[in-house]
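Okay, here's what each chain looks like letter by letter:
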Amino acid sequence: MAALTRFVFITGGVVSSLGKGLGSAALGALLQARGYKVRLRKLDPYLNVDPGTMSPTQHGEVFVTDDGAETDLDLGHYERFTGVHTRQTDNVTTGRIYSDVLAKERRGDYLGATIQVIPHVTDAIKKFVFNDLNDEDFVLCEIGGTVGDIESLPFLEAIRQIGNEIGKQRACFIHVTLLPYIAAAGELKTKPTQHSVKELQSVGIQPDILLCRTEHPLPAEQRAKIGLFCNVRPDAVILAEDVRNIYEVPLAYHEQGLDGQVCAHFGLKSKIPDLSCWRDIAHNFAHPEGEVTIAIVGKYTSLQDSYKSLGEALSHGGIANKVKVNIKWLDSEVFEQEDSQTYLHHLENVSGILVPGGFGKRGSEGKVEAIRFAREQNVPYLGICFGMQMAVLETARGLAGIPQASSTEFGPCDEPVVGLMTEWSAGNQVQTRSGADDLGGTMRLGVYPCQIAKGSLASKLYGADFVEERHRHRYEVNIAYQDKLENAGLKMSGLSPDGLLPEIVERPDHPWFVAVQFHPELKSKPFEPHPLFVGFISAAREKSRLV
Ligand code: GLN
(Lines give C-alpha, C1' and ligand atoms only; values in the text may rest on other atoms or scores of the structure.)
Protein backbone atom coordinates (compact mmCIF):
# COMPACT_ATOMS: atom_id res chain seq x y z
CA MET A 1 0.00 0.00 0.00
CA ALA A 2 1.29 3.44 -0.93
CA ALA A 3 1.86 5.57 2.17
CA LEU A 4 -0.62 8.09 0.88
CA THR A 5 -3.39 5.82 -0.30
CA ARG A 6 -6.67 7.35 0.81
CA PHE A 7 -9.77 5.30 1.58
CA VAL A 8 -13.32 6.33 0.83
CA PHE A 9 -16.00 4.18 2.42
CA ILE A 10 -19.45 4.27 0.88
CA THR A 11 -22.44 3.09 2.91
CA GLY A 12 -26.14 3.19 2.10
CA GLY A 13 -29.22 3.97 4.15
CA VAL A 14 -33.03 4.26 4.09
CA VAL A 15 -33.66 1.75 1.27
CA SER A 16 -31.66 -0.50 -1.01
CA SER A 17 -31.31 -0.02 -4.79
CA LEU A 18 -30.22 3.61 -4.46
CA GLY A 19 -27.50 3.18 -7.05
CA LYS A 20 -24.66 3.07 -4.52
CA GLY A 21 -22.59 0.97 -6.89
CA LEU A 22 -23.12 3.29 -9.78
CA GLY A 23 -22.40 6.29 -7.54
CA SER A 24 -19.15 4.70 -6.35
CA ALA A 25 -18.19 3.94 -9.95
CA ALA A 26 -18.97 7.51 -11.01
CA LEU A 27 -16.88 8.91 -8.14
CA GLY A 28 -14.05 6.63 -9.24
CA ALA A 29 -14.31 8.01 -12.77
CA LEU A 30 -14.30 11.59 -11.49
CA LEU A 31 -11.22 11.09 -9.31
CA GLN A 32 -9.53 9.40 -12.24
CA ALA A 33 -10.39 12.39 -14.44
CA ARG A 34 -8.57 14.52 -11.86
CA GLY A 35 -5.48 12.44 -12.50
CA TYR A 36 -5.64 10.01 -9.58
CA LYS A 37 -5.08 6.29 -9.66
CA VAL A 38 -8.16 4.56 -8.26
CA ARG A 39 -9.30 1.13 -7.18
CA LEU A 40 -12.84 0.10 -6.29
CA ARG A 41 -13.92 -2.66 -3.95
CA LYS A 42 -17.12 -4.14 -2.66
CA LEU A 43 -17.73 -5.68 0.75
CA ASP A 44 -20.91 -7.77 0.72
CA PRO A 45 -22.51 -8.72 4.03
CA TYR A 46 -24.39 -11.84 2.86
CA LEU A 47 -23.33 -15.34 3.92
CA ASN A 48 -22.67 -16.90 0.50
CA VAL A 49 -18.93 -17.32 -0.09
CA ASP A 50 -19.46 -15.62 -3.46
CA PRO A 51 -22.53 -14.94 -5.62
CA GLY A 52 -21.60 -17.79 -8.02
CA THR A 53 -24.27 -20.15 -6.73
CA MET A 54 -27.01 -17.54 -6.34
CA SER A 55 -29.99 -17.36 -8.68
CA PRO A 56 -29.56 -14.58 -11.23
CA THR A 57 -33.20 -13.59 -10.72
CA GLN A 58 -32.50 -12.96 -7.03
CA HIS A 59 -29.11 -11.42 -7.01
CA GLY A 60 -28.63 -10.24 -10.58
CA GLU A 61 -25.71 -11.04 -12.84
CA VAL A 62 -22.53 -12.68 -11.60
CA PHE A 63 -19.66 -10.54 -12.83
CA VAL A 64 -16.53 -12.54 -13.65
CA THR A 65 -13.09 -10.95 -13.33
CA ASP A 66 -10.01 -11.67 -15.46
CA ASP A 67 -8.57 -13.79 -12.67
CA GLY A 68 -11.73 -15.90 -12.45
CA ALA A 69 -13.57 -14.52 -9.43
CA GLU A 70 -17.36 -14.67 -9.48
CA THR A 71 -18.37 -11.34 -8.05
CA ASP A 72 -21.13 -8.84 -7.46
CA LEU A 73 -22.51 -6.99 -10.47
CA ASP A 74 -21.37 -3.65 -9.02
CA LEU A 75 -17.84 -4.62 -10.02
CA GLY A 76 -19.14 -4.39 -13.59
CA HIS A 77 -20.06 -0.75 -13.00
CA TYR A 78 -16.62 -0.11 -11.53
CA GLU A 79 -14.90 -1.50 -14.62
CA ARG A 80 -17.21 0.19 -17.09
CA PHE A 81 -16.74 3.59 -15.49
CA THR A 82 -13.02 3.49 -14.73
CA GLY A 83 -11.59 0.90 -17.11
CA VAL A 84 -9.65 -0.54 -14.15
CA HIS A 85 -9.90 -4.31 -14.24
CA THR A 86 -11.20 -5.70 -10.98
CA ARG A 87 -9.65 -8.73 -9.32
CA GLN A 88 -10.42 -11.55 -6.93
CA THR A 89 -9.21 -9.25 -4.16
CA ASP A 90 -11.85 -6.59 -4.91
CA ASN A 91 -14.96 -8.37 -3.64
CA VAL A 92 -15.47 -10.13 -0.33
CA THR A 93 -18.51 -11.48 1.51
CA THR A 94 -19.23 -12.40 5.12
CA GLY A 95 -19.21 -16.02 3.96
CA ARG A 96 -15.67 -15.70 2.59
CA ILE A 97 -14.41 -13.87 5.70
CA TYR A 98 -15.87 -16.49 8.03
CA SER A 99 -14.64 -19.44 6.00
CA ASP A 100 -11.11 -17.97 6.08
CA VAL A 101 -11.28 -17.27 9.81
CA LEU A 102 -12.62 -20.76 10.53
CA ALA A 103 -9.98 -22.43 8.34
CA LYS A 104 -7.31 -20.57 10.30
CA GLU A 105 -8.91 -21.61 13.57
CA ARG A 106 -8.89 -25.27 12.47
CA ARG A 107 -5.22 -25.00 11.53
CA GLY A 108 -4.49 -23.68 15.01
CA ASP A 109 -3.21 -20.37 13.71
CA TYR A 110 -4.87 -18.42 16.53
CA LEU A 111 -2.72 -20.21 19.13
CA GLY A 112 -5.52 -21.09 21.51
CA ALA A 113 -7.34 -17.75 21.45
CA THR A 114 -11.13 -17.50 21.69
CA ILE A 115 -12.29 -16.45 18.23
CA GLN A 116 -14.61 -13.44 18.28
CA VAL A 117 -16.23 -11.02 15.85
CA ILE A 118 -14.07 -8.27 17.32
CA PRO A 119 -11.13 -8.53 16.73
CA HIS A 120 -10.81 -11.67 14.59
CA VAL A 121 -13.58 -11.12 12.05
CA THR A 122 -13.03 -7.36 11.93
CA ASP A 123 -9.26 -7.92 11.50
CA ALA A 124 -9.95 -10.20 8.53
CA ILE A 125 -12.15 -7.50 6.99
CA LYS A 126 -9.47 -4.84 7.57
CA LYS A 127 -6.88 -7.10 6.01
CA PHE A 128 -9.09 -7.39 2.91
CA VAL A 129 -9.37 -3.60 2.66
CA PHE A 130 -5.58 -3.09 2.82
CA ASN A 131 -4.60 -6.16 0.81
CA ASP A 132 -3.19 -6.29 -2.74
CA LEU A 133 -2.83 -2.57 -3.39
CA ASN A 134 -0.52 -1.06 -5.91
CA ASP A 135 0.24 2.59 -5.24
CA GLU A 136 -3.37 3.67 -5.66
CA ASP A 137 -4.18 7.25 -4.68
CA PHE A 138 -7.72 6.28 -3.77
CA VAL A 139 -9.40 3.04 -2.75
CA LEU A 140 -13.17 3.28 -2.82
CA CYS A 141 -14.86 0.62 -0.68
CA GLU A 142 -18.57 0.15 -1.05
CA ILE A 143 -20.36 -1.66 1.76
CA GLY A 144 -23.28 -3.70 0.42
CA GLY A 145 -26.71 -3.65 2.02
CA THR A 146 -28.26 -0.93 4.13
CA VAL A 147 -27.14 0.49 7.46
CA GLY A 148 -29.14 -1.22 10.19
CA ASP A 149 -28.94 -4.70 8.65
CA ILE A 150 -27.69 -7.27 11.17
CA GLU A 151 -25.18 -8.66 8.67
CA SER A 152 -23.43 -5.38 7.99
CA LEU A 153 -22.40 -4.71 11.60
CA PRO A 154 -18.94 -6.36 11.47
CA PHE A 155 -18.17 -4.45 8.25
CA LEU A 156 -19.23 -1.12 9.76
CA GLU A 157 -17.18 -1.86 12.87
CA ALA A 158 -14.15 -2.69 10.73
CA ILE A 159 -14.34 0.52 8.71
CA ARG A 160 -14.94 2.53 11.90
CA GLN A 161 -11.70 1.08 13.28
CA ILE A 162 -9.88 1.90 10.05
CA GLY A 163 -11.15 5.49 10.26
CA ASN A 164 -9.67 5.73 13.76
CA GLU A 165 -6.39 4.09 12.81
CA ILE A 166 -5.53 6.07 9.70
CA GLY A 167 -7.31 9.29 10.62
CA LYS A 168 -9.42 11.79 8.72
CA GLN A 169 -6.58 12.77 6.45
CA ARG A 170 -6.74 9.28 4.91
CA ALA A 171 -10.31 8.11 5.44
CA CYS A 172 -13.59 9.59 4.29
CA PHE A 173 -17.11 8.28 4.87
CA ILE A 174 -19.84 8.85 2.32
CA HIS A 175 -23.41 7.88 3.15
CA VAL A 176 -25.95 7.46 0.33
CA THR A 177 -29.58 8.07 1.32
CA LEU A 178 -32.99 8.76 -0.17
CA LEU A 179 -35.08 11.95 0.09
CA PRO A 180 -38.57 10.64 -0.62
CA TYR A 181 -41.08 12.99 -2.22
CA ILE A 182 -44.47 13.05 -0.52
CA ALA A 183 -46.91 14.13 -3.19
CA ALA A 184 -49.72 15.01 -0.74
CA ALA A 185 -47.43 17.47 1.04
CA GLY A 186 -45.60 18.47 -2.15
CA GLU A 187 -42.32 18.09 -0.25
CA LEU A 188 -39.10 16.14 -0.08
CA LYS A 189 -38.68 14.59 3.32
CA THR A 190 -35.38 14.67 5.15
CA LYS A 191 -36.38 12.61 8.19
CA PRO A 192 -35.42 9.16 6.80
CA THR A 193 -31.95 10.57 6.05
CA GLN A 194 -31.66 11.92 9.58
CA HIS A 195 -32.64 8.53 11.00
CA SER A 196 -30.22 6.70 8.78
CA VAL A 197 -27.34 8.94 9.81
CA LYS A 198 -28.29 8.41 13.48
CA GLU A 199 -28.09 4.68 12.88
CA LEU A 200 -24.62 5.11 11.41
CA GLN A 201 -23.56 7.37 14.28
CA SER A 202 -24.77 4.75 16.74
CA VAL A 203 -22.05 2.41 15.47
CA GLY A 204 -19.49 5.18 15.76
CA ILE A 205 -19.35 6.45 12.18
CA GLN A 206 -19.90 10.11 11.40
CA PRO A 207 -20.40 10.55 7.64
CA ASP A 208 -18.28 13.29 6.06
CA ILE A 209 -20.37 13.53 2.91
CA LEU A 210 -24.02 12.73 2.26
CA LEU A 211 -25.16 11.76 -1.20
CA CYS A 212 -28.92 12.23 -1.24
CA ARG A 213 -30.86 10.57 -4.02
CA THR A 214 -33.92 12.55 -5.06
CA GLU A 215 -36.37 12.93 -7.90
CA HIS A 216 -36.78 16.67 -7.32
CA PRO A 217 -34.48 19.63 -6.63
CA LEU A 218 -34.04 20.48 -2.96
CA PRO A 219 -34.47 24.05 -1.67
CA ALA A 220 -31.25 25.46 -0.16
CA GLU A 221 -32.70 25.76 3.35
CA GLN A 222 -33.59 22.06 3.32
CA ARG A 223 -30.03 21.23 2.43
CA ALA A 224 -28.79 23.33 5.34
CA LYS A 225 -31.28 21.53 7.58
CA ILE A 226 -29.95 18.11 6.57
CA GLY A 227 -26.43 19.33 7.27
CA LEU A 228 -27.44 20.67 10.68
CA PHE A 229 -29.32 17.56 11.80
CA CYS A 230 -26.76 15.14 10.43
CA ASN A 231 -23.66 17.01 11.64
CA VAL A 232 -22.37 17.44 8.07
CA ARG A 233 -21.27 20.71 6.43
CA PRO A 234 -24.08 21.93 4.10
CA ASP A 235 -21.61 21.95 1.18
CA ALA A 236 -21.00 18.27 1.78
CA VAL A 237 -24.69 17.46 1.39
CA ILE A 238 -24.70 16.47 -2.26
CA LEU A 239 -27.90 16.16 -4.20
CA ALA A 240 -28.04 13.23 -6.56
CA GLU A 241 -31.04 14.01 -8.68
CA ASP A 242 -32.27 11.33 -11.12
CA VAL A 243 -30.70 11.69 -14.56
CA ARG A 244 -31.86 10.53 -17.99
CA ASN A 245 -29.15 7.92 -18.46
CA ILE A 246 -26.34 6.44 -16.44
CA TYR A 247 -23.64 8.11 -18.53
CA GLU A 248 -24.79 11.46 -17.14
CA VAL A 249 -24.15 10.34 -13.56
CA PRO A 250 -20.46 11.39 -13.43
CA LEU A 251 -21.35 14.75 -14.98
CA ALA A 252 -24.28 15.35 -12.62
CA TYR A 253 -22.34 14.36 -9.49
CA HIS A 254 -19.47 16.59 -10.52
CA GLU A 255 -21.89 19.52 -11.04
CA GLN A 256 -23.16 18.95 -7.52
CA GLY A 257 -19.62 18.93 -6.18
CA LEU A 258 -19.10 15.30 -5.12
CA ASP A 259 -15.49 14.89 -6.28
CA GLY A 260 -14.71 18.43 -5.17
CA GLN A 261 -15.91 17.63 -1.65
CA VAL A 262 -13.89 14.41 -1.51
CA CYS A 263 -10.74 16.33 -2.53
CA ALA A 264 -11.57 19.12 -0.07
CA HIS A 265 -11.96 16.53 2.70
CA PHE A 266 -8.40 15.33 2.08
CA GLY A 267 -7.07 18.88 1.54
CA LEU A 268 -6.19 18.10 -2.09
CA LYS A 269 -6.08 20.92 -4.59
CA SER A 270 -6.26 19.04 -7.84
CA LYS A 271 -7.06 20.38 -11.27
CA ILE A 272 -10.61 20.55 -12.59
CA PRO A 273 -11.32 17.14 -14.13
CA ASP A 274 -11.49 16.76 -17.88
CA LEU A 275 -14.92 15.22 -18.45
CA SER A 276 -15.12 15.71 -22.23
CA CYS A 277 -15.18 11.93 -22.78
CA TRP A 278 -18.26 11.57 -20.53
CA ARG A 279 -19.89 14.57 -22.19
CA ASP A 280 -19.42 12.94 -25.61
CA ILE A 281 -20.76 9.58 -24.46
CA ALA A 282 -23.82 11.13 -22.76
CA HIS A 283 -24.46 13.33 -25.80
CA ASN A 284 -24.18 10.48 -28.30
CA PHE A 285 -26.41 8.29 -26.17
CA ALA A 286 -29.06 11.00 -25.92
CA HIS A 287 -28.97 11.91 -29.63
CA PRO A 288 -29.15 8.73 -31.71
CA GLU A 289 -29.75 8.88 -35.45
CA GLY A 290 -32.04 5.87 -35.48
CA GLU A 291 -33.02 2.84 -33.46
CA VAL A 292 -32.85 -0.93 -33.55
CA THR A 293 -34.70 -3.56 -31.57
CA ILE A 294 -32.83 -6.58 -30.30
CA ALA A 295 -34.67 -9.61 -28.92
CA ILE A 296 -32.94 -11.18 -25.94
CA VAL A 297 -34.25 -14.72 -25.64
CA GLY A 298 -33.39 -15.96 -22.17
CA LYS A 299 -34.65 -17.53 -19.00
CA TYR A 300 -33.96 -14.86 -16.41
CA THR A 301 -35.80 -12.07 -18.20
CA SER A 302 -38.01 -11.27 -15.17
CA LEU A 303 -35.08 -9.42 -13.60
CA GLN A 304 -33.10 -7.35 -16.04
CA ASP A 305 -30.21 -7.08 -13.57
CA SER A 306 -29.57 -10.76 -14.42
CA TYR A 307 -28.20 -9.50 -17.73
CA LYS A 308 -26.72 -6.22 -16.49
CA SER A 309 -23.49 -6.21 -18.48
CA LEU A 310 -25.29 -7.47 -21.56
CA GLY A 311 -27.71 -4.53 -21.56
CA GLU A 312 -24.78 -2.17 -21.08
CA ALA A 313 -22.69 -3.74 -23.85
CA LEU A 314 -25.64 -3.44 -26.26
CA SER A 315 -25.91 0.25 -25.34
CA HIS A 316 -22.20 0.67 -26.03
CA GLY A 317 -22.69 -0.97 -29.43
CA GLY A 318 -25.55 1.48 -29.99
CA ILE A 319 -23.45 4.51 -29.05
CA ALA A 320 -20.73 3.37 -31.47
CA ASN A 321 -23.32 3.01 -34.27
CA LYS A 322 -25.29 6.14 -33.31
CA VAL A 323 -28.50 4.19 -32.73
CA LYS A 324 -30.72 3.69 -29.74
CA VAL A 325 -30.94 0.02 -28.83
CA ASN A 326 -34.36 -1.13 -27.68
CA ILE A 327 -34.37 -4.48 -25.98
CA LYS A 328 -37.28 -6.86 -26.31
CA TRP A 329 -37.02 -9.34 -23.43
CA LEU A 330 -38.46 -12.69 -24.40
CA ASP A 331 -38.79 -15.69 -22.13
CA SER A 332 -37.53 -18.58 -24.25
CA GLU A 333 -40.34 -20.81 -23.01
CA VAL A 334 -42.84 -18.94 -25.22
CA PHE A 335 -41.17 -20.65 -28.19
CA GLU A 336 -41.89 -24.01 -26.61
CA GLN A 337 -45.53 -23.29 -25.78
CA GLU A 338 -46.55 -21.84 -29.13
CA ASP A 339 -46.06 -23.47 -32.51
CA SER A 340 -43.68 -22.08 -35.07
CA GLN A 341 -46.42 -20.16 -36.87
CA THR A 342 -47.79 -18.34 -33.84
CA TYR A 343 -44.50 -17.42 -32.18
CA LEU A 344 -43.28 -15.71 -35.29
CA HIS A 345 -44.85 -12.41 -34.30
CA HIS A 346 -42.50 -12.13 -31.29
CA LEU A 347 -39.53 -11.96 -33.61
CA GLU A 348 -41.03 -10.45 -36.72
CA ASN A 349 -39.88 -6.87 -36.35
CA VAL A 350 -36.63 -7.30 -34.49
CA SER A 351 -33.35 -6.42 -36.15
CA GLY A 352 -31.23 -8.81 -34.13
CA ILE A 353 -31.61 -11.86 -31.89
CA LEU A 354 -29.37 -12.61 -28.94
CA VAL A 355 -29.33 -15.73 -26.82
CA PRO A 356 -27.30 -15.02 -23.67
CA GLY A 357 -25.64 -17.23 -21.08
CA GLY A 358 -27.84 -19.67 -19.22
CA PHE A 359 -28.04 -22.91 -17.30
CA GLY A 360 -30.21 -26.01 -17.35
CA LYS A 361 -32.65 -27.69 -19.67
CA ARG A 362 -35.73 -25.55 -18.93
CA GLY A 363 -36.23 -23.12 -21.79
CA SER A 364 -33.35 -24.51 -23.85
CA GLU A 365 -35.55 -25.87 -26.67
CA GLY A 366 -37.16 -22.45 -27.03
CA LYS A 367 -33.70 -20.94 -27.48
CA VAL A 368 -32.92 -23.48 -30.22
CA GLU A 369 -36.19 -22.45 -31.95
CA ALA A 370 -35.31 -18.74 -31.78
CA ILE A 371 -31.87 -19.49 -33.23
CA ARG A 372 -33.42 -21.49 -36.06
CA PHE A 373 -35.58 -18.48 -36.85
CA ALA A 374 -32.51 -16.20 -36.89
CA ARG A 375 -30.63 -18.58 -39.19
CA GLU A 376 -33.48 -19.20 -41.62
CA GLN A 377 -34.73 -15.61 -41.76
CA ASN A 378 -31.26 -14.05 -42.02
CA VAL A 379 -31.71 -12.06 -38.80
CA PRO A 380 -28.36 -11.04 -37.22
CA TYR A 381 -27.60 -13.43 -34.40
CA LEU A 382 -25.22 -13.15 -31.46
CA GLY A 383 -24.95 -16.18 -29.18
CA ILE A 384 -23.17 -15.96 -25.86
CA CYS A 385 -21.93 -19.03 -23.97
CA PHE A 386 -25.16 -21.09 -23.65
CA GLY A 387 -26.28 -19.14 -26.75
CA MET A 388 -23.33 -20.66 -28.65
CA GLN A 389 -23.97 -24.16 -27.33
CA MET A 390 -27.63 -23.95 -28.42
CA ALA A 391 -26.62 -22.55 -31.84
CA VAL A 392 -24.38 -25.57 -32.30
CA LEU A 393 -27.21 -27.94 -31.32
CA GLU A 394 -29.50 -26.16 -33.80
CA THR A 395 -27.09 -26.71 -36.69
CA ALA A 396 -26.27 -30.26 -35.59
CA ARG A 397 -29.94 -31.26 -35.48
CA GLY A 398 -31.25 -29.19 -38.39
CA LEU A 399 -28.41 -29.32 -40.92
CA ALA A 400 -25.75 -31.83 -39.92
CA GLY A 401 -28.01 -34.88 -39.74
CA ILE A 402 -27.58 -35.45 -35.99
CA PRO A 403 -31.19 -35.29 -34.71
CA GLN A 404 -30.16 -36.71 -31.32
CA ALA A 405 -27.61 -33.92 -30.74
CA SER A 406 -27.77 -32.66 -27.15
CA SER A 407 -25.77 -31.38 -24.22
CA THR A 408 -24.83 -33.61 -21.31
CA GLU A 409 -25.96 -30.71 -19.13
CA PHE A 410 -29.50 -32.02 -19.83
CA GLY A 411 -28.66 -35.64 -18.94
CA PRO A 412 -26.87 -38.56 -20.62
CA CYS A 413 -27.30 -38.62 -24.41
CA ASP A 414 -26.15 -40.56 -27.50
CA GLU A 415 -24.74 -37.56 -29.36
CA PRO A 416 -22.96 -35.34 -26.81
CA VAL A 417 -22.28 -32.43 -29.18
CA VAL A 418 -21.93 -30.32 -26.02
CA GLY A 419 -20.28 -32.16 -23.15
CA LEU A 420 -18.93 -31.75 -19.63
CA MET A 421 -15.40 -30.48 -19.62
CA THR A 422 -13.30 -32.67 -17.38
CA GLU A 423 -9.86 -31.38 -18.27
CA TRP A 424 -8.42 -28.24 -19.81
CA SER A 425 -5.23 -26.22 -19.58
CA ALA A 426 -4.99 -22.93 -17.75
CA GLY A 427 -1.59 -21.43 -18.53
CA ASN A 428 0.93 -24.12 -17.64
CA GLN A 429 -1.44 -26.06 -15.45
CA VAL A 430 -3.99 -28.73 -16.17
CA GLN A 431 -7.38 -28.18 -14.52
CA THR A 432 -9.48 -31.26 -13.87
CA ARG A 433 -13.12 -31.58 -12.85
CA SER A 434 -15.69 -34.31 -12.45
CA GLY A 435 -19.49 -34.39 -12.42
CA ALA A 436 -19.37 -34.97 -8.66
CA ASP A 437 -17.63 -31.66 -7.87
CA ASP A 438 -19.19 -28.90 -5.75
CA LEU A 439 -21.19 -26.36 -7.74
CA GLY A 440 -19.46 -23.29 -6.27
CA GLY A 441 -16.32 -21.95 -7.96
CA THR A 442 -15.69 -25.04 -10.13
CA MET A 443 -16.53 -23.77 -13.62
CA ARG A 444 -14.00 -22.74 -16.23
CA LEU A 445 -13.67 -19.20 -14.93
CA GLY A 446 -11.82 -16.08 -15.96
CA VAL A 447 -9.75 -15.06 -18.92
CA TYR A 448 -8.61 -17.65 -21.50
CA PRO A 449 -6.92 -17.12 -24.89
CA CYS A 450 -8.53 -17.72 -28.25
CA GLN A 451 -6.88 -18.10 -31.65
CA ILE A 452 -8.96 -16.64 -34.47
CA ALA A 453 -8.94 -17.97 -38.05
CA LYS A 454 -7.63 -15.52 -40.63
CA GLY A 455 -10.26 -14.13 -43.00
CA SER A 456 -13.14 -14.95 -40.63
CA LEU A 457 -15.79 -12.40 -39.63
CA ALA A 458 -14.48 -12.63 -36.06
CA SER A 459 -10.96 -11.66 -37.13
CA LYS A 460 -12.36 -8.73 -39.12
CA LEU A 461 -14.41 -7.53 -36.17
CA TYR A 462 -11.60 -7.84 -33.64
CA GLY A 463 -8.92 -6.68 -36.06
CA ALA A 464 -6.77 -9.37 -34.40
CA ASP A 465 -6.12 -13.08 -34.59
CA PHE A 466 -5.55 -13.61 -30.91
CA VAL A 467 -7.83 -12.41 -28.12
CA GLU A 468 -8.41 -13.06 -24.45
CA GLU A 469 -11.93 -13.21 -23.12
CA ARG A 470 -13.67 -14.11 -19.87
CA HIS A 471 -15.36 -17.46 -19.36
CA ARG A 472 -17.91 -18.96 -17.00
CA HIS A 473 -19.13 -22.38 -18.05
CA ARG A 474 -18.91 -26.07 -17.25
CA TYR A 475 -19.77 -27.57 -20.66
CA GLU A 476 -18.02 -27.20 -24.00
CA VAL A 477 -18.76 -27.82 -27.66
CA ASN A 478 -17.25 -31.22 -28.50
CA ILE A 479 -14.40 -30.73 -31.01
CA ALA A 480 -14.99 -34.28 -32.31
CA TYR A 481 -18.02 -32.90 -34.20
CA GLN A 482 -15.99 -30.16 -35.94
CA ASP A 483 -16.09 -31.66 -39.45
CA LYS A 484 -19.80 -32.46 -39.36
CA LEU A 485 -20.64 -28.97 -38.10
CA GLU A 486 -18.35 -27.22 -40.58
CA ASN A 487 -19.79 -29.24 -43.46
CA ALA A 488 -23.18 -27.96 -42.31
CA GLY A 489 -21.93 -24.37 -42.68
CA LEU A 490 -21.01 -23.58 -39.07
CA LYS A 491 -17.33 -22.64 -39.06
CA MET A 492 -15.23 -22.83 -35.93
CA SER A 493 -13.44 -19.53 -36.37
CA GLY A 494 -12.02 -19.35 -32.86
CA LEU A 495 -10.30 -22.14 -30.92
CA SER A 496 -8.26 -22.43 -27.75
CA PRO A 497 -4.54 -22.36 -28.69
CA ASP A 498 -4.29 -26.15 -28.27
CA GLY A 499 -7.10 -26.46 -30.86
CA LEU A 500 -9.32 -28.49 -28.53
CA LEU A 501 -11.93 -26.05 -27.29
CA PRO A 502 -14.21 -24.23 -29.75
CA GLU A 503 -14.42 -20.57 -28.72
CA ILE A 504 -16.16 -18.86 -31.68
CA VAL A 505 -18.48 -20.22 -34.38
CA GLU A 506 -19.93 -18.33 -37.32
CA ARG A 507 -21.94 -18.90 -40.50
CA PRO A 508 -20.31 -17.44 -43.63
CA ASP A 509 -23.59 -18.00 -45.55
CA HIS A 510 -25.54 -15.70 -43.22
CA PRO A 511 -25.49 -11.85 -43.04
CA TRP A 512 -24.24 -11.92 -39.43
CA PHE A 513 -24.23 -15.06 -37.30
CA VAL A 514 -21.59 -15.23 -34.57
CA ALA A 515 -21.65 -17.19 -31.35
CA VAL A 516 -18.98 -17.29 -28.68
CA GLN A 517 -18.23 -19.54 -25.73
CA PHE A 518 -17.06 -16.59 -23.60
CA HIS A 519 -18.75 -13.47 -22.26
CA PRO A 520 -17.69 -10.45 -24.34
CA GLU A 521 -20.23 -8.26 -22.52
CA LEU A 522 -18.03 -8.33 -19.41
CA LYS A 523 -15.27 -6.38 -21.11
CA SER A 524 -17.30 -3.75 -22.98
CA LYS A 525 -17.01 -0.15 -21.81
CA PRO A 526 -18.80 2.99 -22.99
CA PHE A 527 -15.49 4.49 -24.10
CA GLU A 528 -14.25 1.16 -25.48
CA PRO A 529 -17.27 -0.71 -26.89
CA HIS A 530 -16.65 -4.39 -27.50
CA PRO A 531 -16.05 -5.16 -31.21
CA LEU A 532 -18.58 -8.02 -31.26
CA PHE A 533 -21.32 -5.72 -29.98
CA VAL A 534 -20.28 -2.95 -32.37
CA GLY A 535 -20.48 -5.45 -35.25
CA PHE A 536 -23.76 -6.96 -34.08
CA ILE A 537 -25.51 -3.60 -33.72
CA SER A 538 -24.08 -2.45 -37.05
CA ALA A 539 -25.59 -5.55 -38.71
CA ALA A 540 -28.87 -4.93 -36.89
CA ARG A 541 -28.82 -1.34 -38.11
CA GLU A 542 -28.30 -2.58 -41.64
CA LYS A 543 -31.16 -5.04 -41.23
CA SER A 544 -33.53 -2.37 -39.86
CA ARG A 545 -32.82 -0.25 -42.95
CA LEU A 546 -33.87 -3.13 -45.17
CA VAL A 547 -37.21 -3.82 -43.48
N1 GLN B 1 -24.69 -23.91 -18.86
C2 GLN B 1 -23.60 -23.77 -19.78
C3 GLN B 1 -22.31 -24.33 -19.21
O4 GLN B 1 -22.17 -24.41 -18.02
C5 GLN B 1 -23.41 -22.34 -20.22
C6 GLN B 1 -23.01 -21.42 -19.14
C7 GLN B 1 -23.18 -19.97 -19.48
O8 GLN B 1 -23.94 -19.65 -20.40
N9 GLN B 1 -22.52 -19.08 -18.75
O10 GLN B 1 -21.43 -24.63 -19.94
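Relevant structure appears above.
Residues numbered from 1 in each chain as written. Predicted model: local features only at pLDDT ≥ 70, side-chain atom pairs only at ≥ 80, totals over all residues. Heavy atoms only, no water.

### Concerning the pairing of strand E2 (residues 38–44)
Burial analysis of E2 places seven of its seven residues in the buried class, which makes it a mostly covered element. Side chains of E2 alternate between two faces, with Val38, Leu40, Lys42 and Asp44 and Arg39, Arg41 and Leu43 buried alike. Sheet topology note: the E2/strand E6 (residues 138–143) ladder contains six bridges and is parallel. Residue pairing in the sheet places Val38 in a bridge with Phe138 of E6. (Buried < 20%, exposed > 50% of the residue type's maximum accessible area, 1.4 Å probe, protein only. Helix = DSSP H or I, 4+ residues; strand = E, 2+ residues; numbered from the N terminus. Pairing = 2+ DSSP bridges.)

### Observations regarding the site of the ligand
All residues adjacent to the ligand are Gly357, Gly358, Phe359, Cys385, Phe386, Gln389, Glu409, Arg472, His473, Arg474, Tyr475 and His519. Within the contact set of the ligand, an oxygen atom lies 3.0 Å away from a backbone nitrogen or oxygen of Phe386. At 2.9 Å, a backbone N or O of Arg474 approaches an oxygen atom of the ligand. Of the pockets mapped on this structure, the ligand occupies the second largest pocket. Broken down by secondary-structure element, the contributors of at least two residues to the shell around the ligand are helix H16 (386–398) and strand E21 (466–473). In the shell around the ligand, the residues fall into four nonpolar, five polar and three charged. (Near = heavy atom within 4 Å. Polar contact = N/O pair within 3.5 Å; in protein donor to acceptor, adjacent residues only side chain to side chain. 1 Å grid on protein atoms, 1.4 Å probe; cavity = no way out; pocket = protein on both sides within 12 Å on 5 of 7 lines; lining within 4 Å. Sits in = over half its atoms within 2 Å of the grid points. Nonpolar A, V, L, I, M, F, W, Y, C, P; charged D, E, K, R; others polar.)

### Comments concerning the pattern of salt bridges
Across all of its chains, the model carries 35 salt bridges by this definition. Lys42 is paired through a salt bridge with Asp74; the nearest N and O atoms lie 2.9 Å apart. On the criterion of sequence distance, the pair formed by Lys42 in strand E2 and Asp74 in helix H3 (residues 74–82) is long-range, its members being 32 residues apart. Arg160 is paired through a salt bridge with Glu157; the nearest N and O atoms lie 2.9 Å apart. A residue pair is termed a helical-turn pair when its members lie 3 or 4 positions apart in one helix, as Arg160 and Glu157 do in helix H6 (residues 153–166) at three residues. By relative accessible area, Arg160 is classed as partly exposed at 25%. (Salt bridge = Lys/Arg side-chain N within 4 Å of Asp/Glu carboxyl O.)

### Points about the pairing of strand E1 (residues 6–12)
Counted residue by residue, E1 has seven buried out of seven residues, so it is predominantly covered. Neither face of E1 is open: one carries Arg6, Val8, Ile10 and Gly12, the other Phe7, Phe9 and Thr11, and all of them are buried. As paired strands, E1 and E6 are joined by five bridges and run parallel to one another. Along E6, the bridge assignment pairs Phe7 with Val139. The sheet contact formed by E1 and strand E7 (residues 171–178) spans six bridges and is parallel. Looking across to E7, one finds that Ile10 is bridged to Ile174.

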